[in-house]
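Inside the fold
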Amino acid sequence: MERRLEGSGLKKIYSKVSAENAEDLIFRNHALFELGQLYMEKCDFPNAVDCFEKVKTEALQFHLYDNYFKAIACLLRIHAERLDFSKYDSLIREMTQVGSSLSGYKRYEPKIHYKQGIAASYRRAYDEARVQFSQSKALTEELMRDESIQGKDREEMTRDLLSARYALAMLEKDEKNPALALKLADELLKEIEEFKHGAHSLEHVQISDVEASLVILQGHCHRDLGDPLKALDRYWLAHSILKTHRNWSHYYYVLLGLGRAYQALGNQERAQIFFDLIADAIGNLELNALKKALERVSKSGLEARNRLLVDRERKVIIEPKIGEVHFERRFVLLEIFYLLASSPGKVFSKEDLVDKIWRESYNPMIHDSKVYTSISRLRKLIEPDFKRPVYILNERDGYAFNPSVQLEEVSPRLRKTGAHAAATGEISTAEPGPRPGRDEVNV
């Protein structure tokens, strides 16, 4: 491991971990765990795994069970991001076996159920995940009824309870209940504000990661509910919270959320800036879950470029790059669009347009200029590049709507359920991350 260390700061920490007596070996275990955290925050998973594997082995030897479970949690987070579920399952079995052999097993039981819920949610086995998260929540609440538990131990349980409740809220979003998920997230954030600044503020445990994850969840919910502007506001707030933290994988998921919100607004160019930033940053990293999510949204964005949305009720056309184009006072232009789009690929002559739009007999001296001007105005509104039209095509005998463009109508029902956002380039799959508590430290 030592030959792979980079940077004088990391080497300085590692120089402290050689030890002879028991006290020094305990210090070594804590130091190795901190070193593993540093690697994990940098998304350097190979070095992080080296550290955490050694931490959990030595932690069992010296009965440092807190370090053991924290190291397991970090390894689970890494294997989940790698999409290496065979190692994930093996660690779950090991953790369950070790936990059941401890005299204080009940204290660790909520964490075990929580990790099993995370494994199920990654596989989208949501019913199983709900059972595990609910069990984690119930067991934590039972432990907290013991008034003899105080100080750091109680604060750790408070954090565990917040994480379990967050996971249940995230499940509602994953199962297409964004309104309920948003309500639960709002309630949890109010409680966190009290834990941060109220009379019973936490002194020993940081919950900023849970707070950031809840704000990101709010962004997901607003996006799914068809309000990408509110989603942007939430993602930027999460961005500001994470400025004080060093966990890059969490930060990358915020950038992904920002890109998807701009994509939902129809601003594919700005969305692509965020997607490119993520792709450049994680190219050599083992963030396989994030890479898979990025691949899906990028593919979705490419498909959206050949798609137009029509909201007849609001008299709006939604173009992926331009966004919403309103036609409230442009009835003639909208009727021309509807006519051409009614039969993609069919050529409508000037005579056809005059007959069907103006209800007049064609006269070239009167109508040629009117048709040309109207088509030009329509193109300037909906074509990303007026000089290179992709929707309204010039044909030898008139004009036609490009048959390769997918035209979709947006109904009021779709807008309310968030399918509007899905149609503008969104994907409605479950979020791969982040979820607080996956590593129990800094996710």
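About the criteria used
Residues numbered from 1 in each chain as written. Predicted model: local features only at pLDDT ≥ 70, side-chain atom pairs only at ≥ 80, totals over all residues. Heavy atoms only, no water. Helix = DSSP H or I, 4+ residues; strand = E, 2+ residues; numbered from the N terminus. Polar contact = N/O pair within 3.5 Å; in protein donor to acceptor, adjacent residues only side chain to side chain. Contact = heavy atoms within 4.5 Å. Salt bridge = Lys/Arg side-chain N within 4 Å of Asp/Glu carboxyl O. Phe/Tyr/Trp six-rings, centres within 6.5 Å; stacked < 30°, edge-to-face > 60°. Buried < 20%, exposed > 50% of the residue type's maximum accessible area, 1.4 Å probe, protein only. Pairing = 2+ DSSP bridges. Axes fitted to C-alpha atoms, helices over the stretch in contact; angles between N-to-C directions. Parallel < 35°, antiparallel > 145°, perpendicular 65-115°, else oblique. Nonpolar A, V, L, I, M, F, W, Y, C, P; charged D, E, K, R; others polar.

This brings us to the side chain of E81. As for its position among the elements, E81 is in helix α4 (residues 65-81). A polar atom in the side chain of E81 sits 2.5 Å from the side chain of R77. Non-local contacts of E81, meaning those with residues more than four positions away in its chain, are made with F45, Y122, Y253, E286, L287, N288, A289 and L290.

The next point concerns the pattern of salt bridges. Going through the model one piece at a time under the given rule, you end up with 26 salt bridges. In this structure, the salt-bridge partner of D385 is R388, at a minimum N-O distance of 3.0 Å.

Tallied over the entire structure, the rule returns nine aromatic pairs. Relative to F52, the ring of F33 lies with its centre 5.7 Å away and its plane at 55 degrees, an arrangement referred to as tilted. Highlighted residues: F33 in helix α2 (residues 22-41) and F52 in helix α3 (residues 45-61), separated in sequence by 19 residues. With relative accessibility at 7%, the residue F33 sits in the buried group. Centre to centre, the rings of Y68 and F69 are 5.2 Å apart; their planes meet at 85 degrees, and the pair counts as edge-to-face. Assessed through its relative accessible area of 0%, Y68 is described here as buried. Taken together, the ring pairs in this structure connect Y68, F69 and Y108 into an aromatic cluster.

Let us now look at the sheet that holds strand β3 (residues 323-326). The mixed open sheet is built from four strands, whose spatial order is β3-β2-β1-β6. The open sheet has two free edges, formed respectively by β3 and β6 (406-409), since each of these has just one partner strand. Neighbour-to-neighbour, the strand axes of this sheet turn through a mean angle of 25 degrees, independent of strand direction. Against the sheet, helix α15 (residues 331-341) contacts β1 (307-311), β2 (316-319) and β6, and its axis sits at roughly 125 degrees relative to β1.

What follows concerns the packing of α4 against helix α6 (residues 105-122). Axes are the key here: two packed helices are described by the angle between their axes and the distance separating the axes. Between α4 and α6, the least distance of the axes is 11 Å, while the angle of their chain directions is 5 degrees. As the angle between them shows, α4 and α6 are arranged roughly parallel. Taken together, the residues of α6 that come into contact with α4 (itself represented by Y65, D66, F69, A73, L76, R77, A80 and E81) are R107, Y108, I112, K115 and Y122. Broken down by class, the residue content of the contact of α4 with α6 amounts to eight nonpolar, no polar and five charged.

Purely geometric stuff here, so don't read any function into it on its own.
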